[in-house]
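Notes for the structure review
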Amino acid sequence: MEPKSTASHSAAESFSMDDFAKALENYDYGFQSGQTVSGKAISYETDGIYIDIGAKSLAFLPADEASLREIRDPEAILPIGESCDFLIIREQDADGQVTLSLKQLEIRQMWERMAELQESTQSLSVKVTGINKGGVTIDVQGLRGFIPRSHLLERDNLESLVGTTLTANILEINQEKGKLVLSNRLATRSAAVSQFEIGQLIEGKISGIKPFGAFVDLGGTSGLLHINQISKNYVESLPNLFQVGQIIKVMIADLDEAKGRISLSTKVLENYPGEMLEKMADVMAEAETRQEKARKLLMNG
């Protein structure tokens, strides 16, 4: 009985070693999850595409991992024999086959692109896909984003925005949490700010008076004439100096496109400290002739 047991044990051991050897033949240690690889489409199946990535076994790209966008014809995005980069999302199975994704690679690249756009304060077009109590959900080039109500130009009738395209700037990115928050209002202000340049003389209308300065309507865009930028002398009372609706000429002192802010100045137009307080009419009448001197003052800091 004992020799039979030994023979049986030896046969089982021999089988498992052969099986293991075959598995090793199919296995490529160079392909790991999270790695980017280059490959070519070999054949299309109903549930996905077989890809040659140079491994001993063909890799597989499931249909739902083929693109961020909904696709009807896989050959349109991945023609036979054309090289493309893929992300390995599942390591090799018993047959040595890895699972690939184009969609996950696109998502990774899109988050990197969003970070670049945020850093450069560039605006982008987004499509409104739905509403919730806090604002609207948006499609940001395939990623899901959000614009808070406070950052929308249209804040009352959110339903009317669904399906429309808005211009927006990125406020916050958190790839780990899938958080992408944008501002429509900021993008609109940034676009308006980009029309101006430092040292430019422009006519506007006083639209509001605050303790810290006066807001000036520059034709649909608001700039701030800070109390310290009105005159080289101390200004005691803004309501005594200006009134809402008053036409005034101002110099563009500073621009912040990222925050959509325009800083204005009239003190650079003065021929002497306090002239804006004593003879504002003269400063305004001669603003054009004083512009070049004022511009040099602003440019030289």
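Quick summary incoming for the structure in this document. Just so we're clear, the structure is a prediction, and the values are computed from it rather than from any experiment. (Residues numbered from 1 in each chain as written. Predicted model: local features only at pLDDT ≥ 70, side-chain atom pairs only at ≥ 80, totals over all residues. Heavy atoms only, no water.)

Concerning the sheet that holds strand β15 (residues 261-265)
- Ordered in space as β11-β12-β13-β15-β14, the 5 strands form a closed barrel in which the pairing is mixed. When strand polarity is set aside, the average angle formed by the axes of neighbouring strands in this sheet is 50°.
- With 5 bridges joining them, strand β12 (residues 213-217) and strand β13 (residues 222-226) adopt antiparallel strand pairing. Paired with Asp217 across the two strands is Ser222, which belongs to β13.
- Contacting β11 (201-210) and β14 (247-256), helix α8 (residues 287-299) crosses the sheet at an angle of about 20° to β14. (Pairing = 2+ DSSP bridges. Helix = DSSP H or I, 4+ residues; strand = E, 2+ residues; numbered from the N terminus. Axes fitted to C-alpha atoms, helices over the stretch in contact; angles between N-to-C directions. Contact = heavy atoms within 4.5 Å.)

Observations concerning the nonpolar core
- Within the largest apolar cluster, 30 residues are counted, with the highest numbers of intra-cluster contacts made by Leu218, Leu225, Ile230, Phe242, Ile248 and Leu264.
- For this core, the secondary structure elements donating two or more residues are β11, β12, α5 (238-241), β14, β15, α7 (280-285) and α8.
- The leading source of residues in this core is β14, at 5 residues.
- Not counting chain neighbours up to four residues away, the residues in contact with Ile230 comprise Leu225, Val235, Leu238, Leu241, Phe242, Thr266, Lys267, Glu270 and Met276. (Core = buried A, V, L, I, M, F, W, Y, C linked by side-chain atoms within 4.5 Å. Buried < 20%, exposed > 50% of the residue type's maximum accessible area, 1.4 Å probe, protein only.)

Section: α8
- Compared with the 18 Å implied by 1.5 Å per residue over 13 residues, the 17 Å span of α8 between its first and last C-alpha is a close match.
- Considering bend angle alone, the principal kink of α8 is centred on Lys293 and spans about 35°.
- Those residues of α8 that fall on the buried side of the exposure criterion are Ala287, Arg290, Ala294 and Leu298.
- Looking at the packing, one finds that the buried side of α8 touches β11, β14, α6 (275-278) and α7. (Expected span 1.5 Å × (residues − 1). Bend = angle between axes of the 7 residues up to and from the residue.)

What about the layout of surface pockets?
- Empty space within the largest pocket amounts to approximately 190 Å³.
- Of all elements in the fold, only β13 and β15 reach the threshold of two or more residues within the lining of the largest pocket.
- Among the residues making up the lining of the largest pocket, the classes are represented as 3 nonpolar, 6 polar and 2 charged. (1 Å grid on protein atoms, 1.4 Å probe; cavity = no way out; pocket = protein on both sides within 12 Å on 5 of 7 lines; lining within 4 Å. Points joined across faces, edges and corners; volume = space filled by probe spheres on them. Nonpolar A, V, L, I, M, F, W, Y, C, P; charged D, E, K, R; others polar.)

No statement about biological role is implied by the geometric values presented.
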